[in-house]
Amino acid sequence: MTQMTDAEIRARVDNLLAQMSAEEKAGQLTQYFTFSRAPDEVARVEDEVRAGRAGSLLFVSKAEEIDRLQRIAVEQSRLGIPLLFGYDVIHGLRTILPVPLAVAASWDPAVAEEGQAVAAAEARAIGLHWTFAPMVDITRDPRWGRMIEGAGEDPVLGSAMAAAQVRGFQGAFIGAPGRVIAGPKHFAGYGAAFGGRDYDEAEISDNELWNIYLPPFKAALDAGAGNVMSAYMGLNGVPATGNRWLLTDVLRETWGFEGFVVTDAGAAADLATHHYAADLGDAAVRALDAGVDMEMAPPFGEAAYRTLPQALAAGRITAAQLDTAVRRVLDAKLRMGLFEAPYVDLGAAAAMLAAPAHRAVARRAAERSAVLLHNAGGLLPLSRDTGSIAVIGPLADSARDTVGPWVFEQDDNETVTVLAGIRAAAGPATRVDYTPGVTMPARLHKSIFEDDVHAQTQRLVVDDDIEIANSVRLARAAEVAVLVLGEAHIMIGEHASRSSLDLPGRQQELLEAVLATGTPVVLLIMTGRPVDLKGAEPAAKMMIWYPGTRGGEAVANLLFGAAVPGGKLPYNWPRNIGQVPLPYAQLRSFRPDWAQERYWNEGNAPLYPFGYGLSYTTFSYAAPRLSADRIAPGKTLEVTVDVTNTGPVTGDEVVQLYIHQRYGSAARPVRELKGFQRVTLAPGETRAVRFPLGPGELSYWSAARRDRVQDETCIDVGVGGDSTAPFMTSFEVAG
Ligand code: BGC
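Residues numbered from 1 in each chain as written. Predicted model: local features only at pLDDT ≥ 70, side-chain atom pairs only at ≥ 80, totals over all residues. Heavy atoms only, no water.

Chemist: For the overall build of the protein, give the residues involved together with the corresponding values.
Modeler: Summing up its helical and strand segments, the protein has 23 helices and 27 strands in all. Taken over C-alpha atoms, the radius of gyration comes to 26 Å for the protein, in line with the 27 Å a tight globule of 735 residues would show. Counting only C-alpha atoms and orienting by the principal axes, one finds that the protein spans roughly 75 × 70 × 50 Å. Here the protein has roughly 26100 Å² of accessible surface; of this, 51% comes from carbon and sulfur atoms. Between the centroid of the 67 positive side chains of the protein and the centroid of its 88 negative side chains there is a distance of 2 Å. (Helix = DSSP H or I, 4+ residues; strand = E, 2+ residues; numbered from the N terminus. Rg over C-alpha atoms; globule rule 2.2 N^0.38 Å. Areas by Shrake-Rupley, 256 points an atom, 1.4 Å probe, with all protein chains shown as cover. Lys, Arg positive; Asp, Glu negative; His and termini not counted. Charge placed at Lys NZ, Arg CZ, Asp CG, Glu CD.)

Written as structure tokens, this is what we have:
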């Protein structure tokens, strides 16, 4: 397929627009859900497609069904405009990669890019054109379940992961073969929902918006993302989906975004729910006015954009406004090559979903994502010939939980659980016993995506008391106990916030009972937020997240030393929920000498700092060297640091560069990440790692000047393996 030129695309769009009725135009701007378990709804949507009143569908995830619906659009609608098929391909379609927060913990953008390229290949093969990803919302409140979809608390790490994911999904240009359009979401500020309660409003200062929440979006757009999804919640008093400042002033005018904007599900109609718009018709007008091109209609509800033809007739919107939005959608369809090749190659789709190379990518990503938190006495790695291992916990053998939330097309039968991974990798003479230990509690409310399949988490255990006793018995008889605890996949993600970081159900009791046996315990934590273990201290602790299709294989490789953990935390890990929010990049304030005593009953420090993670080897850092001790604003210097592997095995270190600005037009955080590199070092090997520091790193949005500035100032520089790296040198920025 040859790529069309911009001029050719414009001519095709003009030609189509000239033939379209207002109804057909509104149709191109409307995206409908089709849930296969609601056949009446599918029939209704089919009629809309045939009538040319639907431009896009979501949640059709079977190749045959996509092909069937596309044939209706192309062969039975008046103008034959193909449908754009969108879907939530968040961390894989059939091959499930670790959750996005886990991939961020790899601190390796190549892992994100390669993983999302696999996701894109599978999605495109079944006929999808567009993914509602990456989710680039910064999260500083782990109560918010959607933390798991993002890259954590930091804008620099978040921006790197956002850009890498866009490159992976979309490739070099929109319409690249085997790729899909990426839609960074949720624009903007959704991660700051009050109390971490999903969908609740966010109040974010301009300082935080420009310096923390917006940069990952900008990075995703700079990487070429063709779509942006608006957010559900109110931002500073105006619903994000009706927020013209956000969707037009910032997105289009300041950043020059030329792709199309879609609402989150039902968020246009929702403008009336927010008591912002008067009714459905007013909601449509206000969404279009704000800068929304396409409405993702509410599942099972009335689409607001159906009313656009009346709004046009009543003079509430202009023909030019309508055409501008339609133009952007048709542009995306033409760039994706839909008019030339609308249909699905079903044979190729099946082969793509089965690709063994995709599973290898998933396993490697899971290995690179794990974060080793604690390893007393070098308990890990275990020998494959340990003799006897007791594998305990409700998540140890749950295929569904191993792949985490936001997956729908996975094959639970091919998913390797931690138990299966350990069984396959342990030496022939090693006995592996298993008990689920306790039941996972049921949730209070049903998740919107929870159907019969997704609800089936742990129902295996009948009596927790008996199972805890059984766990103690197995642990006593084993040389080592491997506990897999955390949260069931339905306890995190959308509509799944928690008001506590405790292990749900009786898992804490199980952990303490097993610890009391004296058998060394390796705790594998399966979730996507920090947990509060209330001081319980297993000898080894590793964050395995929801590791995906090949998760168990990866975890076994890490446990037995075939892979060496090298991931680092993408968030500060609080001691308890009362400390939240606790970003590492906070401002210095009154009485810094009391900075560790801000609470009467608790220190200020996190349990584990942002950027923290151990290895099976150790690293040492030489003092960083600067290429200059003074630079003019706008100029760049280089920081070089020698990092040495001082331990016994080859391992990875994530070298992190932090700065602190001593004074300026606004106060800056005590430290900010400004660069990172994950390097692999053999025992004894030293590597010189280099980072640039220039206007990109040193400028910021100044709340005092209300603009981006670079101050004349003094900058402290620290390089190390986590966000406690000491500042060891400094330089002047002066004209
Ligand atoms: C979520 C979006 C998602 C959409 C479609 C919404 O509820 O907020 O992130 O893309 O549903 O599934």
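Okay, back to it.
Chemist: Residues and numbers for the domain arrangement of the protein, please.
Modeler: When the domains of the protein are assigned, the result is domain 1 (1-83 + 262-354), domain 2 (356-579) and domain 3 (617-733). A separation of 42 Å is found between the C-alpha centroids of domain 1 and domain 2. Each partner contributes residues to the interface: domain 1 has seven residues there, and domain 2 has seven residues. Counting across the domain 1 and domain 2 interface gives one salt bridge. When the shortest N-O distance is used, the salt bridge between Glu-409 and Lys-62 registers 2.5 Å. There are three residue pairs in polar contact (both at pLDDT 80 or more) connecting domain 1 and domain 2. Taken together, the residues of the side of domain 1 that touches domain 2 break down into four nonpolar, one polar and two charged. (Domains from an automatic or database assignment. Contact = heavy atoms within 4.5 Å. Salt bridge = Lys/Arg side-chain N within 4 Å of Asp/Glu carboxyl O. Polar contact = N/O pair within 3.5 Å; in protein donor to acceptor, adjacent residues only side chain to side chain. Nonpolar A, V, L, I, M, F, W, Y, C, P; charged D, E, K, R; others polar.)

Chemist: Just give me the short version of the nonpolar core, but keep the residues and values in it.
Modeler: Counting residues in each nonpolar core, the largest one holds 121 residues, and the members touching the most others are Leu-57, Leu-128, Phe-187, Trp-255 and Leu-308. Examining the composition of this core, we find that seven residues originate from one element, helix H14 (residues 319-335), more than from any other. Sequence-distant contacts of Phe-187, defined by excluding residues within four places in its chain, comprise Leu-214, Phe-217, Val-228, Met-229, Ser-230, Ala-231, Ala-240, Leu-246, Leu-247, Val-250, Leu-251 and Trp-255. Core analysis: the next-biggest nonpolar cluster, separate from the first, contains 72 residues, Leu-372, Leu-503, Met-526 and Leu-533 among them. (Core = buried A, V, L, I, M, F, W, Y, C linked by side-chain atoms within 4.5 Å. Buried < 20%, exposed > 50% of the residue type's maximum accessible area, 1.4 Å probe, protein only.)

Chemist: I'd love a proper account of the site of the ligand, names of residues and values included.
Modeler: Taken together, 14 residues sit near the ligand, with Asp-88, Arg-146, His-186, Asp-264 and Glu-494 positioned nearest. Asp-264 places a side-chain nitrogen or oxygen 2.5 Å from an oxygen atom of the ligand. Out of a free accessible area of 310 Å², the ligand has 99% covered by protein chains. Looking at the shell around the ligand, its residues break down into eight nonpolar, one polar and five charged. Looking at the shell around the ligand, you find at least three residues from each of domain 1 (1-83 + 262-354) and domain 2 (356-579). (Near = heavy atom within 4 Å.)

Chemist: Describe the sheet that holds strand S10 (residues 295-296), naming the residues involved and giving the relevant values.
Modeler: The six strands lie next to each other as S5-S4-S3-S2-S1-S10, forming an open sheet whose pairing is parallel. Each of the sheet's edge strands pairs with one partner strand only, and the pair in question is strand S5 (181-182) and S10. Across two bridges, strand S4 (residues 130-131) lies against S5 in parallel orientation. By the bridge assignment for S5, Trp-130 is matched with Ile-181. (Pairing = 2+ DSSP bridges.)

Chemist: So what's going on with the packing of aromatic side chains? Residues and values would help.
Modeler: Tallied over the entire structure, the rule returns 25 aromatic pairs. Considering the side-chain rings of Phe-59 and Phe-408, the 5.2 Å spacing of their centres and the 70° angle between planes classify their relative orientation as edge-to-face. In this pair, Phe-59 sits in the loop between strand S2 (56-58) and helix H4 (63-76) while Phe-408 sits in the loop between helix H17 (399-403) and helix H18 (418-425), placing the two residues 349 residues apart along the sequence. Here Phe-59 falls in the buried class, since its relative accessible area comes to 10%. Arranged with centres 6.0 Å apart and planes meeting at 50°, the rings of Phe-187 and Trp-255 form a pair that is tilted. Remark: Trp-255 occurs in the loop between helix H10 (244-254) and strand S9 (260-262) and Phe-187 occurs in the loop between S5 and helix H8 (206-213); sequence separation between them is 68 residues. The exposure class of Trp-255 is buried, given its relative accessible area of 18%. Ring pairing ties together the aromatic residues Phe-33, Phe-35, Phe-59, Tyr-87, Phe-300, Trp-406 and Phe-408, which thus form one cluster. Taking NZ or CZ as reference, Arg-12 lies 5.2 Å from the ring centre of Phe-339, over its face. A cation sits over an aromatic face here: Arg-286 above Tyr-276, 4.0 Å from the ring centre. (Phe/Tyr/Trp six-rings, centres within 6.5 Å; stacked < 30°, edge-to-face > 60°. Lys NZ or Arg CZ within 6 Å of the ring centre and 35° of its normal.)

Chemist: Provide a residue-level description of the side chain of Asp-154, including the pertinent values.
Modeler: One can find Asp-154 in the loop between S4 and helix H7 (155-170). A polar side-chain atom of Asp-154 sits 2.9 Å from the main-chain amide nitrogen of Leu-157. Within the structure, the side chain of Asp-154 is placed 2.6 Å from the side chain of Tyr-584, a separation counted as a polar contact. Apart from the residues within four sequence positions on either side, Asp-154 is in contact with Ile-138, Tyr-584, Phe-610 and Leu-673.

Chemist: With reference to specific residues and values, describe the confidence of the model for the protein.
Modeler: With 97% of its residues at a pLDDT of 70 or more, the protein shows a mean pLDDT of 96. The model gives residues 451-459 a pLDDT under 50, and that stretch makes 18 contacts with residues more than four places away or in other chains. (pLDDT = per-residue confidence, 0-100.)

Chemist: Go over the environment of Phe-33 with me, naming the residues and quoting the values.
Modeler: Position of Phe-33 among the secondary structure elements: in strand S1 (residues 30-33). Separated by 484 residues in the primary sequence, Phe-33 and Thr-517 place their C-alpha atoms 52 Å from one another. Among residues more than four places away in sequence, those in contact with Phe-33 are Glu-41, Val-45, Leu-58, Phe-59, Ala-265, Met-296, Ala-297, Pro-298 and Pro-299.

Chemist: Quick one: what's the story with unusual backbone geometry, residue by residue and with numbers?
Modeler: Between Ala-133 and Pro-134 the backbone carries a cis peptide bond, its omega angle lying at 5°. Within the secondary structure, Pro-134 is located in the loop between S4 and H7. A cis geometry characterises the amide bond from Leu-380 onward to Pro-381, with omega recorded as -5°. Within the secondary structure layout, Pro-381 lies in the loop between strand S11 (371-375) and strand S12 (388-392). The backbone of Lys-534 sits at a positive phi, close to 55°, despite the residue not being glycine. Position of Lys-534 among the secondary structure elements: in the loop between strand S15 (521-526) and strand S16 (540-543). Its relative accessible area of 48% is what places Lys-534 among the partly exposed residues. Unlike most non-glycine residues, Arg-591 shows phi in positive territory, near 50°.

Chemist: Lay out the pattern of salt bridges with the relevant residues and their values.
Modeler: Per the stated rule, a full pass over the model turns up 53 salt bridges. Among the ionic pairs, Glu-487 bridges to Arg-529, the shortest N-O distance being 2.6 Å. Remark: Arg-529 occurs in the loop between S15 and S16 and Glu-487 occurs in the loop between strand S14 (480-486) and helix H21 (507-515); sequence separation between them is 42 residues. The closest approach of N and O atoms between Glu-553 and Arg-550, which form a salt bridge, is 3.2 Å. The partly exposed category is assigned to Glu-553, whose relative accessible area is 30%. Using a relative accessible area of 19% as the deciding quantity, one classes Arg-550 as buried. Linked by salt bridges that have partners in common, Glu-122, Arg-359, Arg-363, Glu-367, Glu-414, Arg-550 and Glu-553 make up one network.

Chemist: Residue-level account of the sheet that holds S12, with values.
Modeler: Spatially, S11-S16-S15-S14-S12-S13 is the arrangement adopted by the six strands of the open sheet, whose pairing is mixed. Two strands close off the open sheet at either side, each with one partner strand: S11 and strand S13 (431-435). Across this sheet, the average inter-strand angle for adjacent strands is 15°, counted without regard to direction. Its contacts with the sheet place H21 against S12, S14 and S15, and it is angled at close to 170° to S14. (Axes fitted to C-alpha atoms, helices over the stretch in contact; angles between N-to-C directions.)

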